[in-house]
Amino acid sequence: MLRRYILNKTNTFINYRYASQSMLQSTIDDKLGIATLVMNKPPVNSLNLEFLEEIKSQLTQFKNDKIRGMILTSDLQKIFCAGLDITEFSNPNPERLSKICTTFQDTWLALYLTQFPTVAVINGHSPAGGCLLAMSCDYRVMVGPNYTIGLNETKLGIVAPKWFQDCMVAVIGQRKAEVSLTTGKMYTTDQALQIGLVDESVPDVDNAINKGIQFLNNFQKISPWAYKMTKDIRRQPTVQWLIDNKQKDLDFVVKSMMSPNVQKSIGLYLQSLKK
Ligand SMILES: CCCC/C=C/CC(=O)SCCNC(=O)CCNC(=O)[C@H](O)C(C)(C)COP(=O)(O)OP(=O)(O)OC[C@H]1O[C@@H](n2cnc3c(N)ncnc32)[C@H](O)[C@@H]1OP(=O)(O)O
C-alpha cells in the first residue's frame, strides 16, 4: 500500500528491487537520489535473524548505490516494527541467539553510521528494537495520535544493551532516557514529540513521507563529505563502546537471556501477548 503511494507520488522510481520473500522492499528514485526501505514482514515486522540479515545487506547495497538519502518505513497497517522477535528469546538455541545479537549489532552500526541522511517515517507502533531503528535515523516523523514508541525492555524483564541505551541518551538526553529506560515507558506520538524522541508528528502517512523528503532536501546544498564527517564526530562516542566491546556485549545478552528468571519473564510476556 505504502509502496504504491510512494511510486504514484514521485512517478520516477526507475530502479525497483525486491529482497528475498519481499520482507523488505527497496526503491530508489534515481532523479531525487532517495531510497525507500519498506519493512513488510507481517504481522508485526518482528526482527528475526533472516530479516536482520536482509536489512543489513540492503544498507550495504545502498552504500554502493551512492544514494543521497533514505526513508525507512513499514508497509503494515499500524506497526512500524515490533522489535526483535521475542519467540527467538524463548528457550533459545545459544548459537542462533548469538548470531541474532551479532547481526543486530552490525545492522545497528550500518544504520547509525550511514554516509547518507536517513529519515524514519514511523507509521505505527514502534517498541524496543523498532524504537532503536527509528532512533538510529537522522530524523523521525511519526504518524499520530494513536501509535506508541519507546524502549520497553524492562517490561519484558530484560536489559536493553548499552548501545540501545546510549542511542536513546543521544536523542533525548540522560535524565529523560534514564526514566524512560528503567520504567520501560512507551510514549504516544504527542508525548514522544514533547520529549524529543521524534522530531515531527503528523496525522497521516502521506504527510509523513512529504516531511521526510523535505528533511532530506535540506542536504541538497550540503557537501556529503561535510555531512558524514560531522555525523561521525557526533555519533562516534555512542558507537565506540560497542566497537570495542562486541564480544562482551554479546556474552552479557546471551548469558542473561538463558537465565531461568529471564526465561520465566519472557514466557509470561509472550503469554500476555497471545491473550
Ligand atoms: C541484542 C538484543 C538484546 C535484547 C533486546 C531486545 C529488544 C527487543 O526488541 S525485545 C522485543 C520487544 N517487543 C515488544 O515488546 C513488542 C510486543 N508487541 C506488542 O506490543 C504488540 O504486539 C504490538 C503493539 C507491536 C502490536 O499490537 P497488535 O495488537 O496490533 O498485535 P498483537 O495481536 O499484539 O500481535 C500480533 C501477533 O504478533 C506477535 N508479536 C507481537 N510482537 C512480537 C515480537 N516482538 N516478536 C514476535 N512476535 C510478536 C503477537 O504475539 C501476535 O501473535 P499471534 O497472532 O500468534 O497471537
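Residues numbered from 1 in each chain as written. Predicted model: local features only at pLDDT ≥ 70, side-chain atom pairs only at ≥ 80, totals over all residues.

Student: Can you walk me through the nonpolar core in this structure?
Tutor: When a protein is soluble and globular, its nonpolar side chains tend to lie buried together. If you look at the biggest cluster of nonpolar residues, it comprises 76 residues, and the most contacted ones within it are Met-70, Val-119, Val-121, Ile-122, Ala-134 and Ile-149. Among all residues touching Met-70, those that are not within four sequence positions of it are Ile-34, Ala-35, Leu-37, Phe-62, Thr-114, Phe-116 and Thr-118. (Core = buried A, V, L, I, M, F, W, Y, C linked by C-beta atoms within 7 Å. Buried ≥ 20, exposed ≤ 12 C-beta atoms within 10 Å, placed from the backbone. Contact = placed C-beta atoms within 7 Å.)

Student: Help me understand the pairing of strand β2 (residues 24-29), please; the structure alone is not making it clear to me.
Tutor: Successive side chains on a regular strand alternate, one facing one side of the sheet and the next facing the other. With respect to burial, β2 is a largely interior element, five of its six residues being buried. In terms of strand pairing, β2 meets strand β3 (residues 34-39) through six bridges, oriented antiparallel. Note that in β3 the partner of Thr-27 across the bridge is Thr-36. (Helix = DSSP H or I, 4+ residues; strand = E, 2+ residues; numbered from the N terminus. Pairing = 2+ DSSP bridges.)

Student: Can you walk me through the site of the ligand in this structure?
Tutor: Around the ligand, 25 residues are found, and the nearest of them are Ser-46, Gly-83, Leu-84, Ala-128 and Gly-129. For the shell around the ligand, the elements supplying multiple residues, two or more each, are α3 (94-112) and α11 (260-274). Taken together, the residues that form the shell around the ligand break down as 15 nonpolar, six polar and four charged. (Near = placed C-beta within 6 Å. Nonpolar A, V, L, I, M, F, W, Y, C, P; charged D, E, K, R; others polar.)

Student: Please clarify how the pairing of strand β4 (residues 69-74) should be interpreted in this entry.
Tutor: Counting buried residues in β4 gives six out of six residues, a clear majority hidden from the surface. Here β4 shows two buried faces, one formed by Gly-69, Ile-71 and Thr-73 and the other by Met-70, Leu-72 and Ser-74. The pairing of β3 with β4 spans six bridges and is parallel. Directly across from Leu-37, in β4, lies its bridge partner Leu-72. Across three bridges, the pairing between β4 and strand β5 (residues 118-122) is parallel.

Student: What am I meant to see in the sheet that holds strand β6 (residues 126-127) here?
Tutor: The strands making up a sheet associate through backbone hydrogen bonding, with each pair oriented either parallel or antiparallel. Strand order in the open sheet made by the three strands is β6-β8-β9, with mixed pairing throughout. Every interior strand has two partners, whereas the edge strands, β6 and β9 (187-188), have only one. Relative to β9, strand β8 (residues 148-150) is paired through two bridges, and the arrangement is antiparallel. By the bridge assignment for β9, Thr-148 is matched with Thr-188.

Student: Before we go on, may I ask you to explain the packing of α3 against helix α9 (residues 224-244) in this structure?
Tutor: To characterise two packed helices, one gives the angle between the axes of the helices and the distance between these axes. Two numbers describe how α3 lies on α9: the axes approach to 11 Å, and their chain directions differ by 165 degrees. Here α9 runs roughly antiparallel to α3, going by the angle between their axes. The two elements α3 and α9 meet at a crossing, and its hand is left-handed. Counted together, Gln-105, Leu-109 and Tyr-112 of α3 and Arg-235, Val-239 and Leu-242 of α9 form the full contact between these two elements. Its residues assigned to classes, the contact of α3 with α9 comprises four nonpolar, one polar and one charged. (Axes fitted to C-alpha atoms, helices over the stretch in contact; angles between N-to-C directions. Parallel < 35°, antiparallel > 145°, perpendicular 65-115°, else oblique. Left-handed = near helix turned anticlockwise from the far one by under 90°.)

Student: Would you mind showing me how to read unusual backbone geometry here?
Tutor: Glycine aside, a negative phi is what most residues show, and trans is what most peptide bonds show. Note the cis peptide between Pro-42 and Pro-43, where omega equals 5 degrees. Note on placement: Pro-43 falls in the loop between β3 and α2 (49-65). The linkage connecting Gly-144 with the following residue, Pro-145, adopts the cis geometry, with an omega of 5 degrees. For Pro-145, the location among the structural elements is in the loop between β7 (139-143) and β8. Although it is not a glycine, Asn-91 sits at a positive phi angle of roughly 45 degrees. The topology assignment puts Asn-91 in the loop between β4 and α3. Residue class for Asn-91 comes out exposed when judged on the 10 C-beta atoms lying within 10 Å of it. The backbone phi angle of Ala-128 is positive, close to 50 degrees, even though this residue is not glycine. Relative to the helices and strands, Ala-128 resides in the loop between β6 and α4 (129-136). Residue classification places Ala-128 among the buried positions, given that 26 C-beta atoms sit within 10 Å.

Student: I keep staring at the environment of Lys-248 and nothing clicks. Help me out?
Tutor: Structurally, Lys-248 can be placed in helix α10 (residues 246-258). C-beta crowding within 10 Å serves as the criterion here: with 12 such atoms nearby, Lys-248 is assigned to the exposed category. C-alpha separation for the pair Lys-248 and Glu-88, spaced 160 residues apart in sequence, amounts to 20 Å.

Student: Quick question: what am I supposed to make of the environment of Phe-116 here?
Tutor: The topology assignment puts Phe-116 in the loop between α3 and β5. On the basis of neighbour count, Phe-116 is assigned to the buried category, with 22 C-beta atoms found within 10 Å. Between the C-alpha atoms of Phe-116 and Gly-83, which are 33 residues apart in sequence, the distance is 24 Å. Ignoring any residue separated from it by four or fewer positions in sequence, one finds Phe-116 in contact with Ile-67, Arg-68, Gly-69 and Met-70.

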